[in-house]
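Given next are the chains, with one letter for each unit.
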Amino acid sequence: MPVGIFRVCLVVITAIVNHPLLFPKENGTVPENTEEIIQKMKEREESLRLEQLRLEQEIAEQEATQKTLEKAAEVVEERKEEKVRWDMWTALSMVIFLLIELWRQDFQEGLWQDTGGEEDDMAVLGKAFKGVAFPDKAVLASFYEKRILGTTGDMARMREMVEGFADDLLEALRSVCNRDADMEVEDCMGVGSMYENWRVRKPFVCDLIVPFAPPEPYCFRSQTWCSGDCFPPDEQGYGTIKVCRADEDVTGCICDKTKLGEDMLCLLHSQANTTRPSSEMEDLLCFKNTQYLDADQVMKWFQIAVTKAWNRISHKYEFDLSFSLLDSPGALKIKFKSGKSIAFNLTPVVQYENSDVYFISHFPWSSLAADLPSSTHWFLTFAVYERRFIQLVSKTLPANACHVSCLQILSFLHGKQCSLTGPSGLTNYHLKTVMLHLLQARPSQDWAPEKLEARLQDMLKFLEKCLHEKKLYHFFIGNGKVPAELGFPIIFQRAEPLNLFRPFVLRRDVYRKTVDTFHEMLRNMSALINEYTVHIPLAQTNGIHKESL
């Protein structure tokens, strides 16, 4: 800009110096042709004016360019500041995301099970216990001895009788089945409360599961919700079972997944090695036009097979055998001539790979899987591992530990309350899950027999907390702290925890009824226990209290 001003001034000065009227030559005279001179001066003046305009335009352009550069510099600076701010927020967001991810992984590995052995943690709960008269140790001990302890011998005799008859019935079932076309039935196994010694309410019912497998050359290939396949949230805990040939490569060829057309042939599979027709797949108990095992077909097959087996051996026994429930394939009842009866469940299951996890079509002993998504979806039962875990932990507990006693008392109280006010959403399986969580969370010495009262309160408070949060996680699924001695499949330990109380989130009426029943049970607890308790002298009770202090 200064250069342009200097140039304008130089032009003006030059014009003034060279003007003939201001600096005439010595002894000169005014030219006679003044009009010609004036014309030249006007032309000169016009050229100078044009030159001045051009210079002013250049100066204006330079100023505009300068302003543009300054604005561009300001924009660049602002962008740098914004980028710094954005980078800061991005870094902060990443840190928060990483913290959340770490917390989620810890949650999956079992931190949700750290119910805390601290009494202070439990003291935060227990709002429903305000004003509730909790029975003392003497009353609980008398109740347990009078009402519950005497049933142990009856359970042992019943288990022995049912197992012997079930083995005979399954042997007869194998003899009536076609070994080349029918399913192969294996030996039965006892699971549930009768085999974990905490069943208290009559009638006693033995739960037996019977693994079965397809005939050669077929095999079962299972898929679970946590094996990488896409299962919606309402199908967590389920799986499907595909019936395949043992020599079939389910991942190597896509000829069974793609329609090749009538004039095309798979070079890897000959016509002799193709999948069986639809009718023959149905003979293998598959759903129509699929290779997936159908629970309804299995139910029909098993009922027919059991009926044939009983007809073969019925002459050996002096009682009758019948199906007690129409919707359960193996809910059987033995009726003696004296009028007495024994009920037991013989339920067909499919083994998951080489583990003791089994696919089960229904739960005759609980409402854990009340509504299956479809007949090709099977629920997974971990009952064998649950029994083993209780046996394993019991070896580390003090003699006559109170864990089973707590579960028995709680099961008895809940059953009595449901008989008064109607069924609720809680099942004995939920109560057992609470015990399993506390068994893992608390040290062994906390389960000494003299701590029965404290541990029973812990179970009730833990159950209250789970009901309040509508969250009770399956003990094995998503639990990274399962003892290695059990040989539990790692795929289920790494899975997302399975919330057994998820139905309460979806059905508010059932949840409200369950909570009301639970609170009513707490209020009636002393009355229910005293009803079955021998009178204890006041002096004896006071003496026990002094010893505990």
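Residues numbered from 1 in each chain as written. Predicted model: local features only at pLDDT ≥ 70, side-chain atom pairs only at ≥ 80, totals over all residues. Heavy atoms only, no water.

In the annotation of an unreviewed UniProt entry, the entry for the protein chain reads Inositol 1,4,5-trisphosphate receptor-interacting protein, and the organism field reads Himantopus himantopus. The Sequence similarities (unreviewed entry) field of the UniProt record for the protein chain holds the comment "Belongs to the ITPRIP family." The UniProt entry for the protein chain carries the following comment under Function (unreviewed entry): "Enhances Ca(2+)-mediated inhibition of inositol 1,4,5-triphosphate receptor (ITPR) Ca(2+) release." (UniProt positions renumbered as here; feature names shortened; annotations may be inferred.)

Peer 1: Honestly, the packing of aromatic side chains in this entry has me stumped. Any pointers?
Peer 2: Aromatic ring pairs: the centre-centre distance and the angle between the two ring planes describe each pair. One pass over the structure, following the stated rule, counts 28 aromatic pairs. Aromatic pair Phe 165 and Trp 310: ring centres 5.9 Å apart, planes at 70°, arrangement edge-to-face. Highlighted residues: Phe 165 in helix 5 (residues 151-176) and Trp 310 in helix 8 (residues 295-313), separated in sequence by 145 residues. Across the pair, exposure class does not vary: Phe 165 and Trp 310 are buried alike. Site record: aromatic cluster; members linked through ring pairs are Trp 225, Tyr 352, Phe 359, Phe 382, Tyr 385, Phe 389, Phe 475, Phe 476, Phe 488 and Phe 492. Taking the ring centre of Tyr 218 as reference, the NZ or CZ of Arg 245 above it sits at 5.8 Å. Here the guanidinium or amino end of Arg 388 rests over the ring plane of Tyr 385, the centre of that ring lying 5.7 Å away. (Phe/Tyr/Trp six-rings, centres within 6.5 Å; stacked < 30°, edge-to-face > 60°. Helix = DSSP H or I, 4+ residues; strand = E, 2+ residues; numbered from the N terminus. Buried < 20%, exposed > 50% of the residue type's maximum accessible area, 1.4 Å probe, protein only. Lys NZ or Arg CZ within 6 Å of the ring centre and 35° of its normal.)

Peer 1: What should I look at first to understand the nonpolar core in this one?
Peer 2: Grouped together as the largest cluster of nonpolar side chains are 114 residues, with contacts concentrated most on Leu 169, Leu 293, Phe 344 and Leu 346. Leaving out residues up to four positions away in the same chain, Leu 346 has contacts with Ala 166, Leu 169, Leu 170, Cys 188, Leu 208, Val 210, Phe 302, Gly 330 and Leu 332. By size, the runner-up hydrophobic cluster in this structure holds nine residues, among which are Val 191, Tyr 238, Val 349 and Val 384. (Core = buried A, V, L, I, M, F, W, Y, C linked by side-chain atoms within 4.5 Å. Contact = heavy atoms within 4.5 Å.)

Peer 1: Could you clarify how one ought to interpret a nonpolar patch on the surface in this entry?
Peer 2: A grouping of Met 88, Trp 89, Leu 92, Ile 96 and Ile 100 is seen on the molecular surface, where their side chains present a nonpolar patch of about 530 Å² in accessible area. By secondary structure assignment, the location of Trp 89 is in helix 2 (residues 34-108). The exposure class assigned to Trp 89 is exposed, which follows from its relative accessible area of 51%. (Patch = residues over 30% accessible without salt bridge, like charges linked within 9 Å, V, L, I, M, F, W, Y side chains within 5 Å. Areas by Shrake-Rupley, 256 points an atom, 1.4 Å probe, with all protein chains shown as cover. Salt bridge = Lys/Arg side-chain N within 4 Å of Asp/Glu carboxyl O.)

Peer 1: Help me understand the side chain of Asp 207, please; the structure alone is not making it clear to me.
Peer 2: One can find Asp 207 in strand 3 (residues 205-213). One buried charged residue, Asp 207, forms no salt bridge at all, with the nearest opposite charge on Arg 199 at 5.4 Å. There is a polar contact of 2.8 Å between the side chain of Asp 207 and the side chain of Asn 345. (Lys, Arg positive; Asp, Glu negative; His and termini not counted. Polar contact = N/O pair within 3.5 Å; in protein donor to acceptor, adjacent residues only side chain to side chain.)

Peer 1: Honestly, the environment of Thr 240 in this entry has me stumped. Any pointers?
Peer 2: Locating Thr 240 in the fold gives a position in strand 5 (residues 238-245). For Thr 240, the residues in contact, after removing those within four places along its chain, are Arg 221, Ser 222, Gln 223, Tyr 292, Phe 359, Thr 376 and His 377.

Peer 1: Help me out: how do you make sense of the pairing of strand 3 in this one?
Peer 2: The side chains of a regular strand alternate, residue by residue, between the two faces of the sheet. Buried residues dominate strand 3, accounting for eight of its nine residues. Judged from the two bridges that link them, strand 1 (residues 184-185) and strand 3 form a sheet pairing that is antiparallel. Within strand 3, the residue paired with Glu 184 across the bridge is Ala 213. Note that strand 2 (residues 189-191) and strand 3 share three bridges and pair antiparallel. Within the sheet, the bridge partner assigned to Val 191 lies in strand 3 and is Asp 207. Pairing of strand 3 with strand 8 (residues 341-351) involves seven bridges; the strand directions are parallel. Bridge pairing in strand 8 places Val 205 opposite Ala 343. (Pairing = 2+ DSSP bridges.)

Peer 1: Help me understand the packing of helix 9 (residues 383-394) against helix 11 (residues 428-441) in this model?
Peer 2: Working note: a packed helix pair is described by the angle between its axes plus the distance between those axes. Between helix 9 and helix 11, the shortest axis-to-axis distance is 11 Å and the interhelical angle comes to 40°. One element, helix 9, and the other, helix 11, form an angle in the oblique class. Along this stretch, helix 9 crosses helix 11, giving a crossing that reads as left-handed. Contact residues: Glu 386, Phe 389, Ile 390 and Val 393 in helix 9; Tyr 429, Lys 432, Met 435, Leu 436, Leu 439 and Gln 440 in helix 11. Per-class residue counts for the contact of helix 9 with helix 11 are seven nonpolar, one polar and two charged. (Axes fitted to C-alpha atoms, helices over the stretch in contact; angles between N-to-C directions. Parallel < 35°, antiparallel > 145°, perpendicular 65-115°, else oblique. Left-handed = near helix turned anticlockwise from the far one by under 90°. Nonpolar A, V, L, I, M, F, W, Y, C, P; charged D, E, K, R; others polar.)

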